[in-house]
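Geometric and topological summary
Here is how the chains run, residue by residue.
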Amino acid sequence: MSSEPITVSIRREVDPERIAEATAWVQTGVNMAHKYPGFLGSGWVRAGEDSQVWHMLYRFANEDTLVAWERSGERAWWLSMGEGFIRSERSRRRSGIEGWFDEPSTGSITLPAAEGTSTVAVVNTPPRWKQAVTIWLGFFPVNLAFTYAMSPVPGWDALPIWLRVLCTTLVLTPIMTYWVLPWVTRTLRSWLAR
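From a predicted model like this one, the values you see are computed outputs, not experimental measurements.

**Structural notes on the packing of aromatic side chains**
Scanning all chains against the criterion turns up seven aromatic pairs. With a centroid separation of 4.2 Å and an interplanar angle of 5 degrees, the aromatic rings of W25 and W78 are classed as stacked. Residue W25 is found in helix α1 (residues 19–34), and its partner W78 is found in helix α3 (residues 73–81); the two are separated by 53 residues along the sequence. Seen in terms of ring centroids, W136 and F140 are 5.2 Å apart; in terms of plane orientation they differ by 15 degrees. Their pairing is stacked. Here the residue W136 and the residue F140 both occupy positions in helix α4 (residues 128–150), the gap between them amounting to four residues, near one helical turn. Among the aromatic residues, those joined into a cluster by ring pairs are F39, Y58 and F60.

**Quick word on the UniProt feature "transmembrane region" (unreviewed entry) in the chain**
Here the UniProt-annotated "transmembrane region" (unreviewed entry) positions come out as residues 132–149 and 161–181. The span residues 132–149 is 100% helix and 0% strand, and its two end C-alpha atoms sit 25 Å from each other. Along residues 161–181, the helical share is 100% and the strand share 0%, with 26 Å between the first and last C-alpha atoms.

**As for the side chain of T185**
Relative to the helices and strands, T185 resides in helix α5 (residues 161–187). We classify T185 as buried; its relative accessible area is 9%. At 3.0 Å, the side chain of T185 and the backbone oxygen of P182 are in polar contact.

**Quick notes on the side chain of T7**
Mapped onto the elements of the fold, T7 is located in strand β1 (residues 6–14). Of the residues examined, T7 reaches a relative accessible area of 5% and is grouped as buried. Separated by 2.4 Å, the side chains of T7 and R59 make a polar contact.

**Overview of α1**
For α1, spanning 16 residues, the distance from its first C-alpha to its last is 23 Å, which sits close to the expected 22 Å at 1.5 Å a residue. Buried residues of α1: I19, A22, W25, V26, Q27, G29, V30, M32 and A33, and no others.

**Observations regarding the nonpolar core**
Counting 23 residues, the largest nonpolar core has V26, W54, Y58, F60 and W69 as the members making the most contacts within it. Where this core is concerned, the elements lending two or more residues are β1, α1, β2 (39–46), β3 (53–60) and α2 (63–70). Among the elements that make up this core, the one with the highest residue count is α1 (seven residues). In this view, Y58 contacts I6, T7, V8, I10, F39, G41, S42, L66, W69, E70 and R75; residues no more than four positions away in its chain are not counted. Formed by nine residues, the second largest nonpolar core is a distinct cluster that contains M150, W156, L172 and M176.

Conventions and cut-offs
Residues numbered from 1 in each chain as written. Predicted model: local features only at pLDDT ≥ 70, side-chain atom pairs only at ≥ 80, totals over all residues. Heavy atoms only, no water. Phe/Tyr/Trp six-rings, centres within 6.5 Å; stacked < 30°, edge-to-face > 60°. Helix = DSSP H or I, 4+ residues; strand = E, 2+ residues; numbered from the N terminus. UniProt positions renumbered as here; feature names shortened; annotations may be inferred. Buried < 20%, exposed > 50% of the residue type's maximum accessible area, 1.4 Å probe, protein only. Polar contact = N/O pair within 3.5 Å; in protein donor to acceptor, adjacent residues only side chain to side chain. Expected span 1.5 Å × (residues − 1). Core = buried A, V, L, I, M, F, W, Y, C linked by side-chain atoms within 4.5 Å. Contact = heavy atoms within 4.5 Å.

What follows is the structure, encoded as structure tokens:
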């Protein structure tokens, strides 16, 4: 089972004549998802009182728990109830590398929940070029240090290049994932949030 949290962001366009129904429908879906194992939170916002475009987020602990929710009969029934007033829908899953950039956020929203209220972070993912710069800033020095460390090893230069690259990526990927990139994104937090 994958242990990486997954965030799903959804953009829905709602029939303006049926805002009250859509509001109740969305809250019903949130309440249902709360009961599923691995559920980490959700939220939804509109640009304004008269906005037809709604942005929704929900997050599960891993792929397996997300799939269990998405394939559930309850969710299928709930989605069918929204067919009359949802005009269009677009969704996107975020995990892996983009998950490193979850920390900078624009704030949080407080939503009604079954037991009081629920506060959900609203994530503002940095542009791709900032993500690329951040990854490079972590990868370049680590790769350079590894290359220098391996150069005196007898026979290293005699190995086929594909084997050297395989060894390099096998060693550096966990180092980048668990230590370097989390540190770099924490260090660059204010720049990434701008």
